[in-house]
Amino acid sequence: MTTQTERTDAINWVLRIMRLGGLWPLSTSREEPPVLAFLKVNYRYALHVPITFTFIGLMWLEAFVSNNLEQAGQVLYMSLTEIALVVKILNIWYRSTAARRIMGHMKHSSDYALQSEQEHSYWQQQQRLFKWYFYLFLLASLGVVYSSCIGVLFLHDYELPFDYFVPFEYRNERRYYYAYGYSLIGMTVTSVSNVCLDALGCYFLFHLSLLYRLLGYRVRGLQYTASEVEFKEKLVIVFKLHNRIRNLTVQIETLVSPYVLSQIVLSAFIICFSGYRLQHVGIRANPGQFVSMLQFLSVMVLEIFLPCYFGNEVTVYAHQLTNDVYNTNWLQCDKRSRQLLIAYMEHLKKPTKIRAGYFFEVGLPIFVKTMNNAYSFFALLLNASRKT
């Protein structure tokens, strides 16, 4: 059977990276020296204030002091992405206790223990699949950073891979690599942080969808019960499990709502400015930057798609429970059992949906709408630039 660690196997590696990156609390004990405990608690500030937040602030400062729209667009596409990252970091810091409690509940609670070899095999297969999704996501994100950083080294001029406000003249051989090194470190830290936080948010939705799938599997399994007494006992267990999953859904929605809302609201503008910048980057003049922009655009689309996809999975499998009830051979049940099933179906009429900031439902329709908005903003910006 599945151990507690294996139950959340897909996210364990991400949590280890997040601890190193100051995004997930480090474990402390009362026996530790006060100085060590203080360092562990404040490690996240020592890492992200001089690197992440300062780097993002300098990017926005560069956008504000730009002389024209084209120059500002070269910075805004990445600056907006970093603003979404700031929201994610502040959200996970503020809700770190709730996040750890939810993760511990999913990992250790006996309510979600797998009861058969089939459940165990299916669970582990899905965990491995999720893990590969984010291996590829991490490689693609780092590919954007390093392809751009390598590409500028082959240019004749001293260009930074990602523009930000540099308080000294860096366009010379002596000082260029100071500015270049800070850009490389800042983008690496922010890229890894962004991927890990996306992975965590999507994993909560993914794990929730797995629980609804598990619930549906057990509802369908009621048709194989040997007696009415056993049927009623298992049905009561299903009711209790569904209630716990519903409560978990509310907790996860509260946790991931700010992250998904900021990502979707800003994504249309990010893709818009990315496409605008791609229009002004020549593949012959700067092939490295052109390839990096294409990679960045692909990663941004994927970054919007994944939470929408996993949020949609929660809704689909929760809605599927109504059909699963029909597969229980309910016509063969006694009157009391049929009444319980009817009451359960009435309960299922209330749809289970993940909402982002209580404004819209997280699903594939909002992904399509975001892409349409991005194209509309891009066309508007392109027309405005041609008239000026």
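Residues numbered from 1 in each chain as written. Predicted model: local features only at pLDDT ≥ 70, side-chain atom pairs only at ≥ 80, totals over all residues. Heavy atoms only, no water.

Caption draft 1: Geometry of the confidence of the model for the chain. Counting all residues, the mean pLDDT for the chain is 82, and 91% of those residues have values of 70 or more. Within the chain, helix H7 (residues 176–220) carries the highest mean pLDDT (90), whereas helix H1 (residues 4–7) carries the lowest (67). (pLDDT = per-residue confidence, 0-100. Helix = DSSP H or I, 4+ residues; strand = E, 2+ residues; numbered from the N terminus.)

Caption draft 2: Representation of the state of the cysteines in the model. The full count for this structure, using the stated rule, is zero disulfides. With no disulfide of its own, Cys202 has Cys308 as its nearest cysteine by sulfur position, at a separation of 8.9 Å. (Disulfide = S-S within 2.5 Å.)

Caption draft 3: View of helix H2 (residues 9–20). If you check which residues of H2 are buried, you get Ala10, Ile11, Asn12, Trp13, Val14, Leu15 and Met18. Positive phi appears at Gly22, one or two residues downstream of H2, with a value of about 70°. (Buried < 20%, exposed > 50% of the residue type's maximum accessible area, 1.4 Å probe, protein only.)

Caption draft 4: Spatial organisation of the side chain of Ser209. Checked against the element boundaries, Ser209 lands in helix H7. Under the relative-accessibility criterion, Ser209 is labelled buried at 0%. Here Phe206 takes part through its backbone oxygen, which lies 2.6 Å from a polar atom of the side chain of Ser209. Among all residues touching Ser209, those that are not within four sequence positions of it are Glu313, Val314 and Tyr317. (Polar contact = N/O pair within 3.5 Å; in protein donor to acceptor, adjacent residues only side chain to side chain. Contact = heavy atoms within 4.5 Å.)

Caption draft 5: Focus on the side chain of Gln126. On the secondary structure map, Gln126 appears in helix H6 (residues 117–151). In this view, Gln126 contacts Phe206, Leu210 and Arg213; residues no more than four positions away in its chain are not counted.

Caption draft 6: How the structure looks around the packing of aromatic side chains. This model, assessed by the stated rule, comprises 23 aromatic pairs. Aromatic side chains Phe206 and Phe310 sit 5.8 Å apart centroid to centroid with 80° between the ring planes, which places their arrangement in the edge-to-face category. One end of the pair, Phe206, is in helix H7; the other, Phe310, is in helix H9 (residues 287–326), and 104 residues separate them in sequence. For the pair Phe206 and Phe310, one class covers both residues: buried. (Phe/Tyr/Trp six-rings, centres within 6.5 Å; stacked < 30°, edge-to-face > 60°.)

Caption draft 7: Representation of the pattern of salt bridges in the model. The final tally for this structure, using the stated rule, is nine salt bridges. For Arg171, the salt bridge identified is with Glu159, shortest N-O distance 3.6 Å. One end of the pair, Arg171, is in the loop between H6 and H7; the other, Glu159, is in the loop between H6 and H7, and 12 residues separate them in sequence. Taking the relative accessible area as the measure of exposure, Glu159 reaches 27% and is therefore partly exposed. Within the structure, one salt-bridge network assembled from shared partners comprises Lys88, Asp198 and Glu303. (Salt bridge = Lys/Arg side-chain N within 4 Å of Asp/Glu carboxyl O.)

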